[in-house]
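Per-entry structural report
Here are the chains, one letter per residue:
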Amino acid sequence: MATDSYTLLSALGTLLLGLVVTVALVCGYTYLVTLTSFHINARKHTNTSAKAQLAHNPPLVPYFVPGLGSTITFSNQNIGTYWTWLQSQASRYRQDAFAIILAGKHTNFIFSEAGISAIFKSRQLSREKLDQQLGVNVLGMSKEDSVKAFPYDVAEKEKSSVARIYSEHLLSSAAVNALTGKFMETFRAELESDAPLSEGLEVDLYDFLWKQVFVSSTTAQGGSTLLEMFPDFSTDYRVWEDNLLGLLFGTPRLFARSAYDARDACVKKLETWLEAGYSKPLKDGEDPEWEPNFGAKVMRKRHDYYHQQGLSIHGQAGFDLIALAGIISNATPAAGWLLLHILSPTSPPDFRSRIMDELRSSRNNDGSVDIPALTRLPLLNSAFHEVLRLYVDLLVVRQVDSSVALGGHYVKQGEQVMAPTWMTHRNPDFFENPEVFDPERFLTKDAETGKVGYSVAGLGGKYFPFGGGHYMCPGRTFAKQEVLGTVAVLLLNFDIDFVGFTGQGSGKHGFPGIKKGYAGNQVVGIEGDMRVRIKKRDSGI
């Protein structure tokens, strides 16, 4: 018996050793082949060679494990680490595009100015299948609902209906002004109702800001009923938001139970809210810019689209979840980063005072803020765009529907293309001292009049915080007004004094750092915070 057991264990050991050796040989062979191919292609095609004018496949970054490719290294949650490494390889091998195997998918990273501009213009690229993946993984839709929500094989009139809704009810001047007006009204009311602010109190600035802006943004876009029905909605929303990319990449529920639970809780609450709103329809002929049940007109037009497409109530709730995220998830941290830099003792000594001088010029006689005037203030707007340059980690992702050359980079049907803002926004060839926050970076001066202004014109494929082309962020105008309005209301109506940095900030002298997360977080999260004492001025609000 003992001999038989020993023989069995010996056989199993030999089998296991053989398996390990086989795996090692396969991985070693894979790496040698991909490494050789990489060096041949990288040396044959450089971004400074004459042959660079001919379209060619971006060099494939070598890897060990077939199928898995570079998935693990790309998934590093120290934001910027992978891009910094890739930028070093780009400099070493004189490349402006690379390819990797990402979860079994041939993925092309393009970060040349010409290549990115070509991505935005190309009709051989699309996003519908990727959006359908988002619908299933991130929004909890059924596959059937995701195809209806993000169609790619229907009539062009239907295919463009969401874009048409956004064009008419989110991008138009009247729609933006109405949405901004409601946001500002709600934001001021929230601050006014916070009684302790009259006496003054210490708060963690970003945590305080997030809560106030969440209520104001949600109310402006989705109406007041949602948060009246579910005052704790922000709790589940924030967990879902923090884990959005993990869900998108298909992290199993076993390893992200809280994220899935938060997603499902948000969708369930939105289902209940939708059913309650549908039970109280507007009267015939009514079409207000805002009403309490469903908020802004753009939301009601989206609901008409849901019914046109035959979405289930569950699918509609998921679609509304991403609509809310589009308004909240980027503008809030952008406002946070901007305020942190304005109030930080690590910023240039006169930065805050110059911002305050500009803000006072935008104040109306009744104490309200002139939003159009805000959008013309040179230093404030330059600083806003500097926040987007430094803190946006956007991945413009497209699927390749038919093989095409993109600015000298040849990509094949079935592959996918990604344009990472981190690689261009922090490229020293495009921006001087790219790792430094420079609020004056986008200031301009008229040669004849000497008038100071700001501009991001002519930056094309170098600077694209809102994406580009047909899929450019439809909420970009409102988002900017939301951020600038938030900053203006707080700084004009409250005395805010720096107390100290809190948490695990990794910046200079404890300044908040970038929160961990997957690449492609858009406006990156804030790790750490700033403790401030805030008190409403007697003339405030």
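As recorded in an unreviewed UniProt entry, the chain goes by the name Cytochrome P450, listed as coming from Friedmanniomyces endolithicus. Taken from UniProt, the Cofactor (unreviewed entry) comment for the chain reads in full: "heme".

A short note on the overall build of the chain
Counting its secondary structure elements, the chain contains 23 helices and 18 strands. Taken against the 2.2 N^0.38 rule, which gives 24 Å for 541 residues, the C-alpha radius of gyration of the chain at 26 Å falls within 12% of a compact globule. Principal-axis analysis of the C-alpha atoms places the extent of the chain at approximately 90 × 60 × 55 Å. Within the chain, the fraction of its 541 residues that count as buried is 51%. Nonlocal contacts in the chain, meaning residues at least 24 apart in sequence, comprise 74% of its contacts between residues at least 6 apart. For the chain, the computed accessible surface area is about 24,800 Å², with 54% contributed by carbon and sulfur atoms. Once the 53 positive and 57 negative side-chain charges of the chain are each reduced to a mean point, those two points are 5 Å apart.

Structural notes on the sheet that holds strand E1 (residues 97–102)
Reading across from one edge, E1-E2-E11-E8-E3 is the order of the five strands in this open sheet, with mixed pairing throughout. A single partner strand is all that each edge strand has here, and the edge strands are E1 and strand E3 (125–126). Pairing between strand E8 (residues 395–400) and strand E11 (residues 416–420): five bridges, direction antiparallel. Residue pairing across strands places Arg398 opposite Val417, the latter belonging to E11. The strands touched by helix H3 (residues 81–93) within the sheet are E1, strand E2 (105–110), E8 and E11, with E1 carrying the most contacts at an inclination of about 135°.

Structural notes on the packing of helix H9 (residues 173–193) against helix H11 (residues 205–222)
Contact geometry of H9 with H11 gives a least axis separation of 8 Å together with a crossing angle of 135°. Taken as axis vectors, H9 and H11 run oblique relative to one another. At the point where H9 passes H11, the crossing takes the right-handed sense. For the pair formed by H9 and H11, the contact residues are Leu179, Lys182, Phe183, Thr186, Phe187, Glu190 and Leu191 on the first element and Phe208, Gln212, Val213, Val215, Ser216, Ser217, Thr219, Ala220 and Gln221 on the second. For the contact of H9 with H11, the residue count by class is eight nonpolar, six polar and two charged.

Rules of the game
- Residues numbered from 1 in each chain as written.
- Predicted model: local features only at pLDDT ≥ 70, side-chain atom pairs only at ≥ 80, totals over all residues.
- Heavy atoms only, no water.
- UniProt positions renumbered as here; feature names shortened; annotations may be inferred.
- Helix = DSSP H or I, 4+ residues; strand = E, 2+ residues; numbered from the N terminus.
- Rg over C-alpha atoms; globule rule 2.2 N^0.38 Å.
- Buried < 20%, exposed > 50% of the residue type's maximum accessible area, 1.4 Å probe, protein only.
- Contact = heavy atoms within 4.5 Å.
- Areas by Shrake-Rupley, 256 points an atom, 1.4 Å probe, with all protein chains shown as cover.
- Lys, Arg positive; Asp, Glu negative; His and termini not counted.
- Charge placed at Lys NZ, Arg CZ, Asp CG, Glu CD.
- Pairing = 2+ DSSP bridges.
- Axes fitted to C-alpha atoms, helices over the stretch in contact; angles between N-to-C directions.
- Parallel < 35°, antiparallel > 145°, perpendicular 65-115°, else oblique.
- Left-handed = near helix turned anticlockwise from the far one by under 90°.
- Nonpolar A, V, L, I, M, F, W, Y, C, P; charged D, E, K, R; others polar.

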